[in-house]
Amino acid sequence: MRSFITEQRNQLSVHVMSTRQYASRYIQLSIVNEQERIPAAVFMVIVRLLLNQFQNPLDEAHPRRHLWTLYADEPGYNFEYKGDAQLASIRLRTPGEVLPLPEERTKEALELLEELMLWPVSSDDFDFDEVQVQEEIKWAENHAGYDVSEWDKVVRGRCLEWLGYAERGRASELEKIGHCVQEGELLKWYREVLRCPIHIHVIGDFEPDPMIALVLSAFRTLTEAAGGMDDKRTAIVTRNHQSAVRREEGELMMELMDVQQCKINVAFATGVDYGASNYPALFLFHSLFGATPASRLQYGLREQKQWVYQIYSTLDDYRGTLHVTTGTSSGYAAEVLEAIDEEWLKLCNGDIRDQELHRAIQNVMHYVQVGYDLPEQVITLHIDRLLNRVQMTTPQFLDAIRAVTSEQVAEVASGLKKAVTWILYPDSEYSA
């Protein structure tokens with residue numbers, strides 16, 4: 001399989017992958033807010049202010065009009081958390097050799113991204129329209145509070161908060177962005193954004209060395225601007241992500257809320273690091289337990305007993321946790337929790353048929369290989385390895401998956417510790 005070639009200059013890292021598999025060239029710029037050095041809501045607002053220059057193209061020189069001349073599609077961007085790091089990324093896709101002058105179009109696309117990042121440096125201050133700033137703050141408020149359809153995220157966030165990870169986007173974060181605007185600190189934090197690690201990924205049919213030189217040339221001003229600024233950084237106070245309160249393993253927490261059914265999240269501590277020798281066994285346990293439509297929890301609780309509309313497990317490689325998330329009526333809540341424990345204990349005891357293990361291995365192989373054919377997923381996997389500082393490649397991971405035994409799955413299952421179970425219980429149905 002293909003791999004990235006990397007070159008780093010100061011805080012800028014360039015990663016290129018040469019392949020003829022795609023007709024287009026894929027470019028992604030990622031900014032890493034390490035350990036939330038910049039307050040999370042402030043980081044999101046500043047990045048959105050920069051990237052939303054793509055909106056409302058009213059003049060000929062507008063960035064979106066420029067993209068149209070390059071035959072590039074609409075830019076996509078998103079925010080996500082990778083453990084203690086917050087990641088903002090923007091993606092562009094431009095035609096490759098199917099149209100003439102691919103190098104020129106790629107160069108212009110890269111320069112456009114650099115211009116979006118750096119235009120405030122050339123102005124006197126971080127001068128955004130007040131209405132635009134308030135719109136982004138309102139977006140941050142909505143993003144922080146979750147939508148009513150995202151109760152799964154809410155209940156999983158409760159478990160993470162209990163485990164010692166700060167809840168994302170709570171009132172304290174919103175207070176920070178309000179204070180930042182009132183005190184005129186947007187420019188100060190913008191300069192911190194420019195000091196964050198920045199990763200540029202490019203995938204397509206090209207020669208690697210000239211493409212690396214092209215990216216470095218296009219972002220030369222960015223590295224010079226970051227390096228030429230006052231090296232005195234804003235004083236940063238990093239939060240302690242370990243809870244100061246002694247927690248009992250397996251604690252059950254119930255919170256009364258205005259919900260229609262019980263929302264449940266069971267959080268396990270895996271004790272397995274991403275890239276560790278037993279990580280493939282953990283991934284297979286995850287697949288057998290609740291990750292796929294053929295998993296035990298989905299088949300047993302959803303299809304057979306019909307106690308839940310959906311149930312699934314998610315693996316958080318960065319925090320070493322595995323979450324089982326579901327929703328059920330209050331009358332089935334106890335039975336659902338008991339069934340989750342029952343299936344977990346079966347796997348701990350090695351109750352795994354050879355055919356079931358083989359099917360799980362094939363499912364994982366298919367999932368990884370199909371995902372690896374998608375440029376966005378290729379970049380995501382690479383960033384995961386960069387942030388985890390893991391050298392494991394996809395071929396190495398697949399070879400390890402093929403070799404996993406039922407005994408290894410049972411061993412890693414037995415090593416899991418139930419950390420906390422959190423239930424959002426319908427207020428209208430609660431009786432003391």
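All values derive from a computational prediction rather than experimental measurement.

## Focus on the pattern of salt bridges
Once their charged atoms are close, side chains differing in charge can pair, the charge on each being opposite to the other.
So, step 1. Throughout the structure, instances matching the rule amount to 20 salt bridges.
So, step 2. Of the charged contacts, one joins R296 and E356 as a salt bridge, the two residues approaching to 2.8 Å between their closest N and O atoms. Taken as a pair, R296 in helix 11 (residues 296-304) and E356 in helix 13 (residues 354-372) lie far apart in primary sequence, 60 residues in all.
So, step 3. Under the relative-accessibility criterion, E356 is labelled buried at 6%.
So, step 4. K418 serves as the salt-bridge partner of D341, at 2.5 Å between the closest nitrogen and oxygen. Taken together, the residues span a long stretch of sequence, with D341 in helix 12 (residues 333-348) and K418 in strand 11 (residues 417-426) at a distance of 77 residues.
So, step 5. The exposure class of K418 is buried, given its relative accessible area of 18%.

## As for the pairing of strand 11
So, step 1. The buried fraction of strand 11 is high, at nine of ten residues.
So, step 2. The sheet contact formed by strand 7 (residues 251-257) and strand 11 spans seven bridges and is parallel. What sits directly across from M257, in strand 11, is P426.
So, step 3. The pairing of strand 8 (residues 262-269) with strand 11 spans seven bridges and is classified as antiparallel. Bridge pairing links A269 to K417 in strand 11.

## Brief notes about the nonpolar core
So, step 1. One finds L29, I31, I200 and F219 to be the most contacted residues of the largest nonpolar core, which totals 53 residues.
So, step 2. Among the elements that take part in this core, helix 1 (residues 40-51) stands out by supplying ten residues, more than any other.
So, step 3. In this structure I200 touches L12, S13, V14, H15, Q28, L29, L110, V215 and F219, once residues within four positions along its chain are discounted.
So, step 4. V266, A281, L282 and L301 belong to the second largest nonpolar core, which has 49 residues in total.

## Considering the side chain of T321
So, step 1. Tracing the backbone through its elements, the reader meets T321 in strand 10 (residues 321-328).
So, step 2. The exposure class assigned to T321 is buried, which follows from its relative accessible area of 3%.
So, step 3. Of note is the side chain of T321, whose polar atom sits 3.2 Å from the side chain of H323.
So, step 4. Once residues within four sequence positions are removed from consideration, T321 is found in contact with L163, F268, T270, T314, L315 and D316.

Analysis parameters
Residues numbered from 1 in each chain as written. Predicted model: local features only at pLDDT ≥ 70, side-chain atom pairs only at ≥ 80, totals over all residues. Heavy atoms only, no water. Salt bridge = Lys/Arg side-chain N within 4 Å of Asp/Glu carboxyl O. Helix = DSSP H or I, 4+ residues; strand = E, 2+ residues; numbered from the N terminus. Buried < 20%, exposed > 50% of the residue type's maximum accessible area, 1.4 Å probe, protein only. Pairing = 2+ DSSP bridges. Core = buried A, V, L, I, M, F, W, Y, C linked by side-chain atoms within 4.5 Å. Contact = heavy atoms within 4.5 Å. Polar contact = N/O pair within 3.5 Å; in protein donor to acceptor, adjacent residues only side chain to side chain.

Read these as geometric descriptors, not functional statements.
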